[in-house]
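Listed below, chain by chain, are the residues.
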Amino acid sequence: MSATQTRFPDRQAAFARLRDLAARPDGRRITPLFAADSGRAERFTARFDDLTLDISKTAIDEAALETLFALAETADLEGFRRRLFAGEPVNVTEHRAAMHMALRAPAGVELKAALPGGVDEAAALARHERDRMQKFVAAVHSGEIRGATGEAFEAVVNVGIGGSDLGPRMVTQALTWARNDAKMEARFLSNVDGHDAVEVLKGLDPARTLILVASKTFTTLETMTNAAAMRDWIVATLGEKAVTAHFAALSTNLKATAAFGIAPEHVFGFRDWVGGRYSLWSPIGLSIPLAVGWDKFQALLDGAWSMDCHFRDTPVRQNLPVLLAMAGIWNINALGCATHCVLAYDERLKRFPAFLQQLEMESNGKHVTLAGDPTGWDTCPVVFGEPGTNAQHSFMQLVHQGTRPVPVDFILAAVPDHDRPQAHRILAANAFAQAEALLRGRSEAEIRAEMQAKGASAAEMDLVAPARVAQGERPSNTILVRHLDAFTLGRLIALYEHKVAVQGCLWGIDSFDQWGVELGKQLAGGIIPELQPGAKPGHHDGSTNGLIARFLELRGEA
Ligand code: F6P
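Residues numbered from 1 in each chain as written. Predicted model: local features only at pLDDT ≥ 70, side-chain atom pairs only at ≥ 80, totals over all residues. Heavy atoms only, no water.

### As for the overall build of the protein
- Across its full length, the protein carries 23 helices and eleven strands.
- Over its C-alpha trace the protein gives a radius of gyration of 26 Å, about what one expects of a compact globule, namely 24 Å for 558 residues.
- Out of the 558 residues belonging to the protein, those deemed buried represent 53%.
- Of all intrachain contacts in the protein linking residues separated by at least 6 positions in sequence, the fraction that spans at least 24 positions is 75%.
- As displayed, the protein offers around 23900 Å² of accessible surface, 55% of which is attributable to carbon and sulfur atoms.
- Distance between charge centroids for the protein: 1 Å, based on 57 positive and 66 negative side chains. (Helix = DSSP H or I, 4+ residues; strand = E, 2+ residues; numbered from the N terminus. Rg over C-alpha atoms; globule rule 2.2 N^0.38 Å. Buried < 20%, exposed > 50% of the residue type's maximum accessible area, 1.4 Å probe, protein only. Contact = heavy atoms within 4.5 Å. Areas by Shrake-Rupley, 256 points an atom, 1.4 Å probe, with all protein chains shown as cover. Lys, Arg positive; Asp, Glu negative; His and termini not counted. Charge placed at Lys NZ, Arg CZ, Asp CG, Glu CD.)

### Some remarks on the domain arrangement of the protein
- One can read the domain layout of the protein as domain 1 (11-84 + 310-440 + 474-513), domain 2 (121-292) and domain 3 (517-554).
- Look at where the C-alpha atoms of domain 1 and domain 2 centre, and you get two points 33 Å apart.
- The partner domain 2 presents 16 residues to the 24 residues of domain 1 that form the contact.
- Broken down residue by residue, the surface that domain 1 buries against domain 2 is led by Arg348, Arg351 and Gln358, which jointly contribute 32%.
- At the surface where domain 1 touches domain 2, the tally comes to two salt bridges.
- Put simply, Asp417 and Arg179 hold a salt bridge, and the shortest N to O gap is 3.8 Å. (Domains from an automatic or database assignment. Buried area = accessible area lost by both parts, 1.4 Å probe. Salt bridge = Lys/Arg side-chain N within 4 Å of Asp/Glu carboxyl O.)

### Concerning the sheet that holds strand E7 (residues 267-269)
- An order of E4-E3-E5-E6-E7 is seen for the five strands of this open sheet, with the pairing classed as parallel. Edge positions in the open sheet fall to strand E4 (185-189) and E7, since each of these has one partner strand only. For this sheet, the mean angle separating the axes of adjacent strands, direction not counted, is 20°.
- Two elements, strand E3 (residues 155-159) and E4, share five bridges in a ladder whose sense is parallel. In the strand pairing of E4, Ala155 is matched with Glu185. (Pairing = 2+ DSSP bridges. Axes fitted to C-alpha atoms, helices over the stretch in contact; angles between N-to-C directions.)

### Overview of the packing of aromatic side chains
- According to the stated counting rule, one finds eleven aromatic pairs in the structure shown.
- When the ring of Phe85 is compared with that of Phe311, the centres are 6.0 Å apart and the planes differ by 45°; the resulting orientation is tilted. In this pair, Phe85 sits in helix H5 (residues 77-85) while Phe311 sits in helix H14 (residues 294-313), placing the two residues 226 residues apart along the sequence. Phe311 matches Phe85 in its accessibility class, with the two residues each being buried.
- The cationic tip of Arg104 hangs over the ring face of Trp281; the distance from NZ or CZ to the ring centre is 4.5 Å.
- Taking the ring centre of Phe48 as reference, the NZ or CZ of Arg491 above it sits at 3.9 Å. (Phe/Tyr/Trp six-rings, centres within 6.5 Å; stacked < 30°, edge-to-face > 60°. Lys NZ or Arg CZ within 6 Å of the ring centre and 35° of its normal.)

Right, here's the structure in full:
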(Lines give C-alpha, C1' and ligand atoms only; values in the text may rest on other atoms or scores of the structure.)
Protein backbone atom coordinates (compact mmCIF):
# COMPACT_ATOMS: atom_id res chain seq x y z
CA MET A 1 0.00 0.00 0.00
CA SER A 2 1.49 3.31 -1.02
CA ALA A 3 1.03 6.83 0.21
CA THR A 4 3.19 9.85 0.87
CA GLN A 5 3.79 10.25 4.52
CA THR A 6 3.75 13.50 6.45
CA ARG A 7 3.71 14.23 10.13
CA PHE A 8 1.14 16.13 12.19
CA PRO A 9 2.07 18.48 15.04
CA ASP A 10 0.05 16.22 17.36
CA ARG A 11 -2.51 13.40 17.34
CA GLN A 12 -5.43 15.82 17.69
CA ALA A 13 -4.56 17.37 14.33
CA ALA A 14 -4.37 13.94 12.73
CA PHE A 15 -7.77 12.92 14.08
CA ALA A 16 -9.24 16.25 12.94
CA ARG A 17 -7.89 15.58 9.46
CA LEU A 18 -9.42 12.09 9.47
CA ARG A 19 -12.80 13.58 10.41
CA ASP A 20 -12.47 16.19 7.63
CA LEU A 21 -11.78 13.45 5.12
CA ALA A 22 -14.86 11.55 6.21
CA ALA A 23 -16.89 14.76 5.92
CA ARG A 24 -16.10 15.12 2.19
CA PRO A 25 -19.22 14.60 0.02
CA ASP A 26 -18.30 10.97 -0.70
CA GLY A 27 -16.00 10.58 2.28
CA ARG A 28 -17.95 7.76 3.89
CA ARG A 29 -18.74 5.88 0.71
CA ILE A 30 -16.93 2.77 -0.44
CA THR A 31 -18.55 1.79 -3.75
CA PRO A 32 -17.24 4.86 -5.65
CA LEU A 33 -13.72 3.87 -4.62
CA PHE A 34 -14.15 0.50 -6.31
CA ALA A 35 -15.77 2.14 -9.35
CA ALA A 36 -12.85 4.54 -9.74
CA ASP A 37 -10.08 2.00 -9.26
CA SER A 38 -10.18 -1.53 -10.65
CA GLY A 39 -7.02 -2.40 -8.70
CA ARG A 40 -8.44 -1.31 -5.35
CA ALA A 41 -9.07 -4.80 -3.95
CA GLU A 42 -5.52 -5.86 -4.71
CA ARG A 43 -3.96 -2.65 -3.38
CA PHE A 44 -5.91 -2.79 -0.12
CA THR A 45 -5.19 -6.46 0.46
CA ALA A 46 -2.10 -7.63 2.33
CA ARG A 47 -0.82 -11.18 2.57
CA PHE A 48 1.40 -13.10 4.92
CA ASP A 49 1.78 -16.60 3.45
CA ASP A 50 -1.77 -17.94 3.20
CA LEU A 51 -3.19 -15.33 5.58
CA THR A 52 -5.00 -12.74 3.50
CA LEU A 53 -6.25 -9.47 4.96
CA ASP A 54 -8.60 -7.48 2.74
CA ILE A 55 -9.43 -3.99 4.04
CA SER A 56 -10.64 -2.71 0.67
CA LYS A 57 -14.29 -2.70 1.80
CA THR A 58 -13.66 0.40 3.91
CA ALA A 59 -13.87 4.04 2.87
CA ILE A 60 -10.11 4.43 3.21
CA ASP A 61 -8.76 6.08 0.06
CA GLU A 62 -5.26 7.30 -0.72
CA ALA A 63 -5.74 10.53 1.25
CA ALA A 64 -7.07 8.67 4.26
CA LEU A 65 -4.26 6.15 4.06
CA GLU A 66 -1.71 8.95 3.90
CA THR A 67 -3.28 10.53 6.96
CA LEU A 68 -3.31 7.24 8.87
CA PHE A 69 0.38 6.67 8.18
CA ALA A 70 1.10 10.26 9.13
CA LEU A 71 -0.71 9.62 12.39
CA ALA A 72 1.55 6.59 12.87
CA GLU A 73 4.56 8.86 12.33
CA THR A 74 3.19 11.41 14.75
CA ALA A 75 2.58 8.69 17.35
CA ASP A 76 6.06 7.24 16.72
CA LEU A 77 4.70 3.80 15.95
CA GLU A 78 8.12 2.59 14.82
CA GLY A 79 9.66 3.68 18.12
CA PHE A 80 6.84 2.03 20.06
CA ARG A 81 7.33 -1.24 18.19
CA ARG A 82 11.06 -1.14 18.99
CA ARG A 83 10.41 -0.41 22.67
CA LEU A 84 7.81 -3.18 22.87
CA PHE A 85 10.19 -5.79 21.48
CA ALA A 86 13.09 -4.48 23.54
CA GLY A 87 11.18 -5.23 26.72
CA GLU A 88 10.91 -1.60 27.75
CA PRO A 89 8.14 -0.68 30.23
CA VAL A 90 5.45 0.12 27.66
CA ASN A 91 2.92 -0.57 30.43
CA VAL A 92 3.67 2.83 31.85
CA THR A 93 1.24 2.99 34.78
CA GLU A 94 2.41 -0.39 36.11
CA HIS A 95 6.07 0.14 35.13
CA ARG A 96 6.10 -3.15 33.28
CA ALA A 97 7.14 -4.54 29.94
CA ALA A 98 4.66 -6.44 27.76
CA MET A 99 6.83 -9.33 26.68
CA HIS A 100 4.37 -12.06 25.79
CA MET A 101 6.33 -12.49 22.54
CA ALA A 102 9.18 -13.95 24.62
CA LEU A 103 6.88 -16.85 25.51
CA ARG A 104 6.68 -17.99 21.92
CA ALA A 105 10.27 -17.35 20.82
CA PRO A 106 11.54 -20.77 19.71
CA ALA A 107 14.36 -22.52 21.52
CA GLY A 108 17.57 -21.63 19.78
CA VAL A 109 16.43 -18.13 18.92
CA GLU A 110 18.56 -15.80 20.95
CA LEU A 111 16.11 -13.29 22.26
CA LYS A 112 18.88 -10.78 22.58
CA ALA A 113 19.23 -10.93 18.82
CA ALA A 114 15.54 -11.37 18.20
CA LEU A 115 14.49 -8.60 20.51
CA PRO A 116 16.67 -5.53 19.99
CA GLY A 117 17.82 -4.25 23.35
CA GLY A 118 18.01 -7.74 24.78
CA VAL A 119 15.89 -9.40 27.40
CA ASP A 120 17.76 -12.63 28.03
CA GLU A 121 16.24 -13.21 31.40
CA ALA A 122 12.75 -13.16 29.88
CA ALA A 123 13.68 -15.71 27.25
CA ALA A 124 15.54 -17.96 29.65
CA LEU A 125 12.68 -18.03 32.14
CA ALA A 126 10.09 -18.60 29.43
CA ARG A 127 12.09 -21.50 28.00
CA HIS A 128 12.74 -23.02 31.42
CA GLU A 129 9.06 -23.04 32.33
CA ARG A 130 8.08 -24.26 28.87
CA ASP A 131 10.43 -27.24 29.29
CA ARG A 132 8.92 -28.01 32.69
CA MET A 133 5.41 -27.77 31.23
CA GLN A 134 6.34 -30.11 28.39
CA LYS A 135 7.71 -32.72 30.80
CA PHE A 136 4.65 -32.40 33.02
CA VAL A 137 2.28 -32.80 30.08
CA ALA A 138 4.18 -35.88 28.85
CA ALA A 139 4.11 -37.41 32.34
CA VAL A 140 0.38 -36.81 32.72
CA HIS A 141 -0.34 -38.28 29.29
CA SER A 142 1.88 -41.32 29.87
CA GLY A 143 0.37 -41.96 33.29
CA GLU A 144 3.69 -41.40 35.06
CA ILE A 145 1.93 -38.62 36.97
CA ARG A 146 -1.31 -39.99 38.41
CA GLY A 147 -4.00 -39.16 40.91
CA ALA A 148 -3.84 -40.00 44.62
CA THR A 149 -5.51 -43.37 44.15
CA GLY A 150 -3.17 -44.40 41.35
CA GLU A 151 -5.65 -43.72 38.54
CA ALA A 152 -4.47 -41.92 35.41
CA PHE A 153 -5.92 -38.46 34.82
CA GLU A 154 -8.58 -38.32 32.15
CA ALA A 155 -9.90 -34.78 32.70
CA VAL A 156 -8.40 -31.41 33.51
CA VAL A 157 -10.31 -28.50 35.04
CA ASN A 158 -8.84 -25.05 34.57
CA VAL A 159 -9.97 -22.77 37.38
CA GLY A 160 -9.38 -19.17 36.34
CA ILE A 161 -11.11 -16.07 35.05
CA GLY A 162 -10.47 -13.30 32.51
CA GLY A 163 -7.12 -13.85 30.83
CA SER A 164 -6.63 -16.96 32.94
CA ASP A 165 -9.68 -18.50 31.28
CA LEU A 166 -10.66 -16.89 27.97
CA GLY A 167 -7.54 -17.67 25.92
CA PRO A 168 -7.00 -21.27 27.04
CA ARG A 169 -10.74 -21.97 26.76
CA MET A 170 -11.04 -20.44 23.28
CA VAL A 171 -7.95 -22.23 21.94
CA THR A 172 -8.83 -25.58 23.48
CA GLN A 173 -12.33 -25.38 22.05
CA ALA A 174 -11.04 -24.39 18.61
CA LEU A 175 -8.57 -27.27 18.48
CA THR A 176 -10.82 -30.00 19.87
CA TRP A 177 -14.14 -29.05 18.25
CA ALA A 178 -15.57 -31.83 16.08
CA ARG A 179 -12.49 -33.99 16.65
CA ASN A 180 -12.00 -37.07 18.73
CA ASP A 181 -8.25 -36.93 19.16
CA ALA A 182 -8.17 -34.90 22.40
CA LYS A 183 -5.63 -36.27 24.87
CA MET A 184 -7.79 -35.32 27.86
CA GLU A 185 -11.14 -33.72 28.42
CA ALA A 186 -10.66 -30.07 29.37
CA ARG A 187 -13.24 -28.11 31.31
CA PHE A 188 -13.14 -24.50 32.44
CA LEU A 189 -14.48 -23.08 35.67
CA SER A 190 -14.48 -19.29 35.69
CA ASN A 191 -17.62 -17.78 37.17
CA VAL A 192 -17.98 -17.52 40.94
CA ASP A 193 -21.65 -18.32 40.29
CA GLY A 194 -22.04 -21.71 41.98
CA HIS A 195 -24.10 -22.92 39.03
CA ASP A 196 -20.92 -22.88 36.97
CA ALA A 197 -19.08 -25.20 39.39
CA VAL A 198 -22.04 -27.59 39.55
CA GLU A 199 -22.19 -27.78 35.77
CA VAL A 200 -18.42 -28.12 35.27
CA LEU A 201 -18.16 -30.97 37.77
CA LYS A 202 -21.09 -32.91 36.30
CA GLY A 203 -20.01 -36.48 35.64
CA LEU A 204 -16.34 -35.93 36.58
CA ASP A 205 -14.56 -38.52 38.68
CA PRO A 206 -12.38 -36.76 41.30
CA ALA A 207 -9.92 -39.66 41.26
CA ARG A 208 -9.25 -39.02 37.56
CA THR A 209 -9.38 -35.22 37.55
CA LEU A 210 -6.43 -32.85 37.54
CA ILE A 211 -7.14 -29.29 38.66
CA LEU A 212 -5.18 -26.27 37.44
CA VAL A 213 -5.56 -23.13 39.50
CA ALA A 214 -4.75 -20.47 36.92
CA SER A 215 -4.28 -17.04 38.40
CA LYS A 216 -1.51 -14.58 37.70
CA THR A 217 -2.01 -12.90 41.07
CA PHE A 218 -3.45 -15.90 42.96
CA THR A 219 -5.67 -13.42 44.79
CA THR A 220 -8.62 -13.09 42.40
CA LEU A 221 -11.72 -13.61 44.53
CA GLU A 222 -13.66 -15.66 42.00
CA THR A 223 -10.76 -17.99 41.29
CA MET A 224 -9.78 -18.41 44.92
CA THR A 225 -13.41 -19.17 45.83
CA ASN A 226 -13.68 -21.75 43.05
CA ALA A 227 -10.26 -23.22 43.86
CA ALA A 228 -11.41 -23.71 47.48
CA ALA A 229 -14.59 -25.39 46.22
CA MET A 230 -12.54 -27.72 44.03
CA ARG A 231 -10.27 -28.49 46.96
CA ASP A 232 -13.31 -29.43 49.06
CA TRP A 233 -14.56 -31.61 46.19
CA ILE A 234 -11.27 -33.51 46.03
CA VAL A 235 -10.86 -33.75 49.80
CA ALA A 236 -14.45 -34.96 50.33
CA THR A 237 -13.80 -38.08 48.21
CA LEU A 238 -10.06 -38.62 48.32
CA GLY A 239 -8.93 -36.99 51.58
CA GLU A 240 -6.68 -34.07 52.42
CA LYS A 241 -3.51 -35.78 51.22
CA ALA A 242 -4.85 -35.97 47.66
CA VAL A 243 -4.49 -32.21 47.20
CA THR A 244 -0.79 -32.53 46.34
CA ALA A 245 -1.45 -35.04 43.57
CA HIS A 246 -4.54 -33.40 42.08
CA PHE A 247 -3.62 -29.71 41.98
CA ALA A 248 -1.23 -27.64 39.94
CA ALA A 249 -0.89 -23.86 40.02
CA LEU A 250 -0.12 -21.42 37.22
CA SER A 251 0.88 -18.14 38.75
CA THR A 252 3.40 -15.42 39.46
CA ASN A 253 2.61 -15.53 43.19
CA LEU A 254 4.64 -18.44 44.51
CA LYS A 255 4.02 -17.59 48.17
CA ALA A 256 0.28 -17.88 47.69
CA THR A 257 0.51 -21.14 45.72
CA ALA A 258 2.56 -22.64 48.56
CA ALA A 259 0.05 -21.40 51.15
CA PHE A 260 -2.71 -23.14 49.16
CA GLY A 261 -0.77 -26.38 49.56
CA ILE A 262 0.36 -26.88 45.98
CA ALA A 263 3.58 -28.84 45.62
CA PRO A 264 6.41 -26.71 44.16
CA GLU A 265 6.95 -29.23 41.35
CA HIS A 266 3.34 -28.61 40.29
CA VAL A 267 3.75 -24.84 40.23
CA PHE A 268 4.50 -23.20 36.88
CA GLY A 269 5.58 -19.61 37.14
CA PHE A 270 5.88 -16.56 35.00
CA ARG A 271 6.63 -12.91 35.53
CA ASP A 272 4.66 -9.70 35.60
CA TRP A 273 5.73 -8.83 32.06
CA VAL A 274 3.02 -11.24 30.90
CA GLY A 275 -0.31 -9.42 31.00
CA GLY A 276 -3.37 -11.48 31.95
CA ARG A 277 -4.99 -11.16 28.52
CA TYR A 278 -1.70 -12.12 26.84
CA SER A 279 -1.05 -15.11 29.08
CA LEU A 280 -2.40 -18.09 27.14
CA TRP A 281 1.15 -18.61 25.82
CA SER A 282 2.52 -18.83 29.36
CA PRO A 283 1.94 -21.57 31.97
CA ILE A 284 -1.61 -20.14 32.18
CA GLY A 285 -2.17 -22.02 28.92
CA LEU A 286 -1.21 -25.42 30.41
CA SER A 287 -4.71 -26.80 29.84
CA ILE A 288 -4.11 -26.43 26.08
CA PRO A 289 -1.29 -28.99 25.66
CA LEU A 290 -2.93 -31.24 28.25
CA ALA A 291 -6.03 -31.29 26.05
CA VAL A 292 -4.57 -31.23 22.53
CA GLY A 293 -1.02 -32.47 22.97
CA TRP A 294 2.32 -30.70 23.09
CA ASP A 295 2.89 -30.67 19.33
CA LYS A 296 -0.18 -28.57 18.72
CA PHE A 297 0.68 -26.20 21.58
CA GLN A 298 4.13 -25.80 20.06
CA ALA A 299 2.56 -25.13 16.65
CA LEU A 300 0.33 -22.50 18.27
CA LEU A 301 3.41 -20.79 19.73
CA ASP A 302 5.23 -21.05 16.39
CA GLY A 303 2.31 -19.49 14.56
CA ALA A 304 2.20 -16.59 17.00
CA TRP A 305 5.98 -16.15 16.79
CA SER A 306 5.79 -16.00 12.99
CA MET A 307 3.32 -13.12 13.37
CA ASP A 308 5.62 -11.50 15.96
CA CYS A 309 8.45 -11.56 13.42
CA HIS A 310 6.16 -10.24 10.68
CA PHE A 311 4.96 -7.41 12.92
CA ARG A 312 8.47 -6.59 14.13
CA ASP A 313 10.23 -6.72 10.75
CA THR A 314 7.74 -5.70 8.07
CA PRO A 315 7.45 -2.07 6.98
CA VAL A 316 4.23 -0.57 8.32
CA ARG A 317 2.61 -0.30 4.89
CA GLN A 318 2.70 -4.08 4.37
CA ASN A 319 2.30 -4.93 8.03
CA LEU A 320 -0.92 -6.86 8.71
CA PRO A 321 -1.46 -5.87 12.37
CA VAL A 322 -0.80 -2.23 11.43
CA LEU A 323 -3.25 -2.32 8.51
CA LEU A 324 -5.94 -4.02 10.58
CA ALA A 325 -5.39 -1.36 13.25
CA MET A 326 -5.59 1.43 10.66
CA ALA A 327 -8.94 0.16 9.35
CA GLY A 328 -10.25 0.29 12.90
CA ILE A 329 -8.88 3.77 13.53
CA TRP A 330 -10.57 5.02 10.39
CA ASN A 331 -13.92 3.51 11.37
CA ILE A 332 -13.74 4.81 14.93
CA ASN A 333 -12.02 8.17 14.62
CA ALA A 334 -13.12 9.29 11.16
CA LEU A 335 -16.58 7.72 10.91
CA GLY A 336 -17.40 7.75 14.64
CA CYS A 337 -18.28 4.03 14.88
CA ALA A 338 -18.64 2.91 18.49
CA THR A 339 -18.98 -0.82 17.88
CA HIS A 340 -17.04 -3.55 16.15
CA CYS A 341 -18.43 -6.92 15.17
CA VAL A 342 -16.33 -10.06 14.71
CA LEU A 343 -17.90 -12.85 12.68
CA ALA A 344 -15.83 -15.99 12.39
CA TYR A 345 -17.45 -18.26 9.85
CA ASP A 346 -16.09 -21.14 11.82
CA GLU A 347 -17.93 -22.83 14.65
CA ARG A 348 -14.60 -23.78 16.21
CA LEU A 349 -13.95 -20.09 16.85
CA LYS A 350 -17.14 -19.74 18.86
CA ARG A 351 -15.30 -18.20 21.80
CA PHE A 352 -13.05 -15.97 19.68
CA PRO A 353 -15.27 -12.88 20.08
CA ALA A 354 -15.35 -13.41 23.87
CA PHE A 355 -11.56 -13.65 23.88
CA LEU A 356 -11.30 -10.51 21.74
CA GLN A 357 -13.65 -8.63 24.03
CA GLN A 358 -11.10 -8.85 26.81
CA LEU A 359 -8.12 -8.38 24.52
CA GLU A 360 -9.51 -5.26 22.86
CA MET A 361 -11.74 -3.71 25.50
CA GLU A 362 -9.57 -4.32 28.56
CA SER A 363 -6.54 -3.12 26.61
CA ASN A 364 -7.92 -0.07 24.88
CA GLY A 365 -11.03 0.89 26.82
CA LYS A 366 -9.15 3.92 28.18
CA HIS A 367 -9.96 7.62 28.44
CA VAL A 368 -6.62 9.22 29.31
CA THR A 369 -3.32 9.42 27.48
CA LEU A 370 0.01 8.21 28.82
CA ALA A 371 0.49 11.75 30.11
CA GLY A 372 -2.74 11.44 32.13
CA ASP A 373 -4.73 13.90 30.01
CA PRO A 374 -8.21 13.17 28.59
CA THR A 375 -7.64 11.76 25.12
CA GLY A 376 -9.94 14.13 23.26
CA TRP A 377 -10.59 11.36 20.73
CA ASP A 378 -12.49 8.10 20.89
CA THR A 379 -10.70 4.87 21.71
CA CYS A 380 -11.86 1.24 21.77
CA PRO A 381 -15.26 0.33 20.34
CA VAL A 382 -17.61 -2.20 21.90
CA VAL A 383 -16.56 -5.56 20.46
CA PHE A 384 -19.09 -8.33 19.97
CA GLY A 385 -19.66 -11.30 17.73
CA GLU A 386 -20.94 -14.78 17.11
CA PRO A 387 -20.11 -17.46 14.59
CA GLY A 388 -21.50 -17.00 11.11
CA THR A 389 -23.98 -18.00 9.83
CA ASN A 390 -25.78 -18.02 13.19
CA ALA A 391 -25.24 -14.28 13.54
CA GLN A 392 -27.11 -13.68 10.29
CA HIS A 393 -30.24 -14.99 11.92
CA SER A 394 -29.97 -12.74 14.95
CA PHE A 395 -28.24 -9.35 15.11
CA MET A 396 -27.12 -8.93 11.50
CA GLN A 397 -30.45 -7.22 10.74
CA LEU A 398 -29.15 -4.21 12.66
CA VAL A 399 -25.75 -4.36 10.96
CA HIS A 400 -27.47 -4.21 7.54
CA GLN A 401 -30.22 -1.73 8.28
CA GLY A 402 -29.65 -0.11 11.69
CA THR A 403 -29.16 3.64 11.98
CA ARG A 404 -25.44 3.45 12.69
CA PRO A 405 -22.74 1.56 10.78
CA VAL A 406 -21.18 -1.39 12.58
CA PRO A 407 -17.82 -2.39 11.08
CA VAL A 408 -17.33 -6.14 10.76
CA ASP A 409 -14.34 -8.49 10.62
CA PHE A 410 -15.18 -11.63 8.64
CA ILE A 411 -12.89 -14.58 9.37
CA LEU A 412 -12.91 -17.72 7.25
CA ALA A 413 -10.78 -20.78 6.42
CA ALA A 414 -10.87 -22.08 2.83
CA VAL A 415 -10.30 -25.71 3.78
CA PRO A 416 -12.33 -27.25 6.60
CA ASP A 417 -11.55 -30.30 8.70
CA HIS A 418 -14.71 -32.18 7.79
CA ASP A 419 -15.89 -34.04 4.73
CA ARG A 420 -18.96 -31.99 3.92
CA PRO A 421 -17.64 -29.80 1.09
CA GLN A 422 -21.02 -28.45 0.08
CA ALA A 423 -21.77 -27.28 3.62
CA HIS A 424 -18.45 -25.43 3.61
CA ARG A 425 -19.19 -23.80 0.27
CA ILE A 426 -22.54 -22.63 1.62
CA LEU A 427 -20.82 -21.29 4.73
CA ALA A 428 -18.20 -19.44 2.67
CA ALA A 429 -20.80 -18.10 0.24
CA ASN A 430 -22.64 -16.60 3.18
CA ALA A 431 -19.51 -14.92 4.54
CA PHE A 432 -18.72 -13.35 1.15
CA ALA A 433 -22.37 -12.45 0.56
CA GLN A 434 -22.72 -10.68 3.91
CA ALA A 435 -19.67 -8.53 3.21
CA GLU A 436 -20.93 -7.81 -0.30
CA ALA A 437 -24.41 -6.94 0.95
CA LEU A 438 -22.98 -4.55 3.53
CA LEU A 439 -20.96 -2.88 0.80
CA ARG A 440 -23.50 -2.51 -1.99
CA GLY A 441 -26.82 -2.48 -0.12
CA ARG A 442 -30.06 -2.34 -2.10
CA SER A 443 -31.69 0.83 -3.39
CA GLU A 444 -35.41 1.59 -3.36
CA ALA A 445 -35.43 1.72 -7.17
CA GLU A 446 -33.98 -1.80 -7.37
CA ILE A 447 -36.55 -3.07 -4.91
CA ARG A 448 -39.46 -1.40 -6.68
CA ALA A 449 -38.35 -2.85 -10.03
CA GLU A 450 -38.14 -6.30 -8.50
CA MET A 451 -41.55 -5.97 -6.84
CA GLN A 452 -43.13 -4.63 -9.99
CA ALA A 453 -41.79 -7.57 -11.99
CA LYS A 454 -43.53 -9.84 -9.50
CA GLY A 455 -46.79 -7.93 -9.98
CA ALA A 456 -46.91 -5.97 -6.72
CA SER A 457 -49.42 -3.12 -6.57
CA ALA A 458 -48.26 0.51 -6.20
CA ALA A 459 -49.73 0.61 -2.69
CA GLU A 460 -47.85 -2.54 -1.70
CA MET A 461 -44.62 -1.11 -3.10
CA ASP A 462 -45.11 2.17 -1.18
CA LEU A 463 -45.60 0.20 2.00
CA VAL A 464 -42.81 -2.32 1.71
CA ALA A 465 -40.05 -0.88 -0.49
CA PRO A 466 -38.68 1.68 2.02
CA ALA A 467 -38.43 -1.00 4.73
CA ARG A 468 -36.42 -3.21 2.39
CA VAL A 469 -33.84 -0.56 1.52
CA ALA A 470 -30.31 -1.35 2.72
CA GLN A 471 -28.10 1.70 2.38
CA GLY A 472 -24.87 -0.26 1.87
CA GLU A 473 -21.50 1.52 2.13
CA ARG A 474 -20.99 -0.35 5.39
CA PRO A 475 -17.38 -1.27 6.15
CA SER A 476 -15.89 -4.69 6.68
CA ASN A 477 -12.52 -6.44 6.67
CA THR A 478 -12.05 -10.04 5.61
CA ILE A 479 -9.40 -12.37 6.98
CA LEU A 480 -9.05 -15.51 4.92
CA VAL A 481 -6.71 -18.40 5.73
CA ARG A 482 -6.20 -21.72 3.98
CA HIS A 483 -6.87 -23.97 6.95
CA LEU A 484 -7.50 -23.36 10.63
CA ASP A 485 -4.96 -25.37 12.60
CA ALA A 486 -2.90 -24.66 15.70
CA PHE A 487 -0.27 -22.72 13.75
CA THR A 488 -2.82 -20.56 11.92
CA LEU A 489 -4.74 -19.96 15.12
CA GLY A 490 -1.57 -18.77 16.87
CA ARG A 491 -0.98 -16.41 13.97
CA LEU A 492 -4.53 -15.11 14.05
CA ILE A 493 -4.44 -14.41 17.79
CA ALA A 494 -1.09 -12.65 17.54
CA LEU A 495 -2.43 -10.59 14.61
CA TYR A 496 -5.14 -9.22 16.88
CA GLU A 497 -2.77 -8.80 19.85
CA HIS A 498 -0.48 -6.60 17.79
CA LYS A 499 -3.40 -4.77 16.19
CA VAL A 500 -4.55 -3.80 19.69
CA ALA A 501 -1.04 -2.63 20.62
CA VAL A 502 -0.81 -0.52 17.44
CA GLN A 503 -4.18 1.09 18.11
CA GLY A 504 -3.14 1.83 21.70
CA CYS A 505 0.00 3.51 20.38
CA LEU A 506 -1.96 5.59 17.86
CA TRP A 507 -4.41 6.64 20.57
CA GLY A 508 -1.52 7.42 22.94
CA ILE A 509 -2.92 5.25 25.76
CA ASP A 510 -1.60 2.45 27.97
CA SER A 511 -2.93 -0.75 26.38
CA PHE A 512 -1.46 -2.96 29.07
CA ASP A 513 -3.05 -1.78 32.32
CA GLN A 514 -6.68 -2.30 33.46
CA TRP A 515 -7.40 0.04 36.36
CA GLY A 516 -11.06 0.29 35.43
CA VAL A 517 -11.80 -3.16 36.84
CA GLU A 518 -10.54 -2.27 40.33
CA LEU A 519 -13.36 -0.17 41.79
CA GLY A 520 -16.04 -2.82 41.29
CA LYS A 521 -13.78 -5.44 42.92
CA GLN A 522 -13.22 -3.16 45.93
CA LEU A 523 -16.91 -2.36 46.35
CA ALA A 524 -17.86 -6.06 46.09
CA GLY A 525 -15.45 -6.73 48.96
CA GLY A 526 -17.39 -4.23 51.08
CA ILE A 527 -20.80 -5.59 50.10
CA ILE A 528 -20.08 -9.30 50.76
CA PRO A 529 -20.42 -8.96 54.59
CA GLU A 530 -23.63 -6.97 54.10
CA LEU A 531 -25.22 -9.96 52.36
CA GLN A 532 -24.93 -12.21 55.42
CA PRO A 533 -28.22 -13.05 57.20
CA GLY A 534 -29.37 -10.14 59.36
CA ALA A 535 -26.36 -7.97 58.39
CA LYS A 536 -26.56 -4.23 59.04
CA PRO A 537 -27.07 -2.07 55.96
CA GLY A 538 -23.99 -0.32 54.63
CA HIS A 539 -23.54 3.20 53.32
CA HIS A 540 -24.45 3.21 49.68
CA ASP A 541 -26.70 5.16 47.38
CA GLY A 542 -30.44 4.61 47.87
CA SER A 543 -30.74 2.19 44.99
CA THR A 544 -27.90 -0.08 46.13
CA ASN A 545 -29.15 -0.05 49.76
CA GLY A 546 -32.66 -0.89 48.57
CA LEU A 547 -31.51 -3.77 46.37
CA ILE A 548 -29.35 -5.28 49.13
CA ALA A 549 -32.31 -5.10 51.55
CA ARG A 550 -34.64 -6.67 48.99
CA PHE A 551 -32.10 -9.44 48.22
CA LEU A 552 -32.00 -10.40 51.93
CA GLU A 553 -35.78 -10.13 52.19
CA LEU A 554 -36.29 -12.43 49.16
CA ARG A 555 -33.94 -14.97 50.74
CA GLY A 556 -35.86 -14.71 54.04
CA GLU A 557 -32.69 -13.40 55.74
CA ALA A 558 -33.54 -9.73 56.37
O1 F6P B 1 -10.12 -8.28 36.59
C2 F6P B 1 -9.34 -8.26 35.46
C3 F6P B 1 -8.17 -9.18 35.57
O4 F6P B 1 -7.19 -8.61 36.34
C5 F6P B 1 -7.67 -9.54 34.19
O6 F6P B 1 -6.83 -8.61 33.67
C7 F6P B 1 -7.06 -10.88 34.42
O8 F6P B 1 -6.91 -11.56 33.22
C9 F6P B 1 -8.08 -11.49 35.33
O10 F6P B 1 -8.52 -10.42 36.14
C11 F6P B 1 -7.62 -12.62 36.17
O12 F6P B 1 -6.55 -12.29 37.01
P13 F6P B 1 -5.67 -13.39 37.70
O14 F6P B 1 -5.04 -14.20 36.64
O15 F6P B 1 -4.67 -12.64 38.52
O16 F6P B 1 -6.56 -14.24 38.56
